[in-house]
Amino acid sequence: MTESSSLLRLQEVDLQLMRLRKTLSAMPQQEKLRAITLAKRKLAAQLKQIVGQRKDIETELADNQADHAKILAITAEVRERVSERVQSYRQIQDLESQLTSLAKRQEKLEFTQTDILQRLGQAQKAEANARALAQRLLDEEAAQTESYEHDSADLRAQVRVLEQEREGLVAQLSGDTLDTYDAACKRFGGLAVESLASNVPSTCRVKLQPAIYQRLVRGPQITECPYCHRMLVVEQRDFE
Ligand SMILES: [Zn+2]
């Protein structure tokens, strides 16, 4: 195979690959998988926020419980001092007033704790829901992937065959030709190469002027179209 025929075949292979990949990507399972990926990303961000909130509430609860334990300990201490009957009336009054104030603080902490526990319950429920949803998304993703793999097996087999052929074709091209081809592919959306049918390039179809035509057929097999600047394969052998 000459370099120019490898190049023309490479373009055919690439156009077929492009069509196959487009078909694969447009399969309903792929669209669902893309939606699942987005949903997973969104859920992961939500879950991170929910877990952060739950941890904050747990810290709040631990602080509340520590304060509560401290108040209970101080209360026990003050009660003990009240029971030591060596106190003066004034000291007793002072201790009683401390106990009243401690009881208020204890009550307030217990009231707050009820609220914290309620919020913790809500956060835990939200977290459990989010984790359950994450699991459902994973299950759905696995099901869609399996369905896609089943339904796309033929198309993917075609892709593999073409990719293998492509490797062989690329190996037959010079580095320069390949670089030019890659750049032209990007520029012309895959239609990088045209061939000459008599004096008309196959893609842009602008008839070559005789002088240009004569110059081109005497030049290298792979050149550039003077009009559209695609790669142009000139079949020299017909004129030799
Ligand atoms: Zn052209």
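Note that the structure is predicted; figures quoted are calculated from it, not measured.

## Quick look at the overall build of the protein
Each helix and strand counted, the protein has 6 helices and 4 strands in total. In the protein, the order of α-helices and β-strands from amino to carboxyl end is α-α-α-α-α-β-β-α-β-β. For a compact globule of 240 residues, the expected C-alpha radius of gyration is about 18 Å, and the protein comes in at 39 Å, more than 25% above that figure. Dimensions along the principal axes, computed over C-alpha positions, put the protein at roughly 130 × 35 × 30 Å. Here the protein holds 240 residues, and 11% of them are scored as buried.

## Side note on the domain arrangement of the protein
Accessible area lost upon the coming together of the parts is a frequently used measure of interface size. One can read the domain layout of the protein as domain 1 (28–151) and domain 2 (174–239). The distance between the C-alpha centroids of domain 1 and domain 2 comes to 72 Å.

## Notes on the packing of helix α2 (residues 28–83) against helix α3 (residues 89–151)
Axis separation between α2 and α3 bottoms out at 6 Å; the angle between their running directions is 160°. Comparing their axes, α3 and α2 come out roughly antiparallel. Seen along the crossing, α2 lies across α3 with a hand that is left-handed.

## Topic: the sheet that holds strand β2 (residues 200–201)
Read from one edge to the other, the open sheet built from 4 strands follows the order β2-β1-β4-β3, with strand pairing classed as mixed. Of all the strands in the sheet, the pair left with one neighbour each is β2 and β3 (222–224). By the bridge criterion, 3 bridges tie β3 to strand β4 (residues 231–233) in an arrangement that is antiparallel. Residue pairing across strands places E224 opposite M231, the latter belonging to β4.

## Some points on the packing of helix α1 (residues 3–25) against helix α5 (residues 175–187)
Helix-helix packing is characterised by the crossing angle of the two axes and by the distance between the axes. Where α1 meets α5, the axes come as close as 12 Å, and the angle between the chain directions of the two elements is 30°. Judged by the angle between their axes, α1 and α5 are roughly parallel. The two elements α1 and α5 cross, and the hand of that crossing is right-handed. For the pair α1 and α5, the contacting residues are E3, L7, L10 and D14 in the first and T177, Y181 and C185 in the second. When grouped by side-chain class, the residues that make up the contact of α1 with α5 number 4 nonpolar, 1 polar and 2 charged.

## Quick notes on the nonpolar core
Judged by nonpolar contacts, the single largest core of 16 residues is most densely connected at L7, Y181, V193, M231, L232, V233 and V234. For this core, the secondary-structure elements that each account for two or more residues are α1, β1 (193–197) and β4.

## Things to note about the pairing of β1
Examined bridge by bridge, β1 and β4 share 3 bridges and lie parallel to one another. The residue bridging V193 from the neighbouring strand is M231, located in β4. Two elements, β1 and β2, share 2 bridges in a ladder whose sense is antiparallel. In the strand pairing of β2, L196 is matched with P201. Linking two consecutive strands that pair antiparallel, namely β1 and β2, is a turn of 2 residues; a positive phi of about 50° is found at S198 within it.

## A look at α2
Over its 56 residues, α2 runs 80 Å from end to end, which matches the ideal 82 Å to within 8%, given 1.5 Å per residue. Within the sequence span of α2, burial applies to I36, I50 and I71. In this structure, the buried side of α2 is in contact with α3.

## Here's the deal with α5
Between its terminal C-alpha atoms α5 stretches 18 Å, which fits the 18 Å expected from 13 residues at 1.5 Å a residue. Summarising burial for α5: 1 of the 13 residues are buried, a small minority. At the C-terminal side of α5, G189 shows a positive phi close to 55°.

## A few points about unusual backbone geometry
Unusually for a residue other than glycine, S198 sits at a positive phi of about 50°. Relative to the helices and strands, S198 resides in the loop between β1 and β2.

Criteria and cut-off values
Residues numbered from 1 in each chain as written. Predicted model: local features only at pLDDT ≥ 70, side-chain atom pairs only at ≥ 80, totals over all residues. Helix = DSSP H or I, 4+ residues; strand = E, 2+ residues; numbered from the N terminus. Rg over C-alpha atoms; globule rule 2.2 N^0.38 Å. Buried ≥ 20, exposed ≤ 12 C-beta atoms within 10 Å, placed from the backbone. Domains from an automatic or database assignment. Axes fitted to C-alpha atoms, helices over the stretch in contact; angles between N-to-C directions. Parallel < 35°, antiparallel > 145°, perpendicular 65-115°, else oblique. Left-handed = near helix turned anticlockwise from the far one by under 90°. Pairing = 2+ DSSP bridges. Contact = placed C-beta atoms within 7 Å. Nonpolar A, V, L, I, M, F, W, Y, C, P; charged D, E, K, R; others polar. Core = buried A, V, L, I, M, F, W, Y, C linked by C-beta atoms within 7 Å. Expected span 1.5 Å × (residues − 1).

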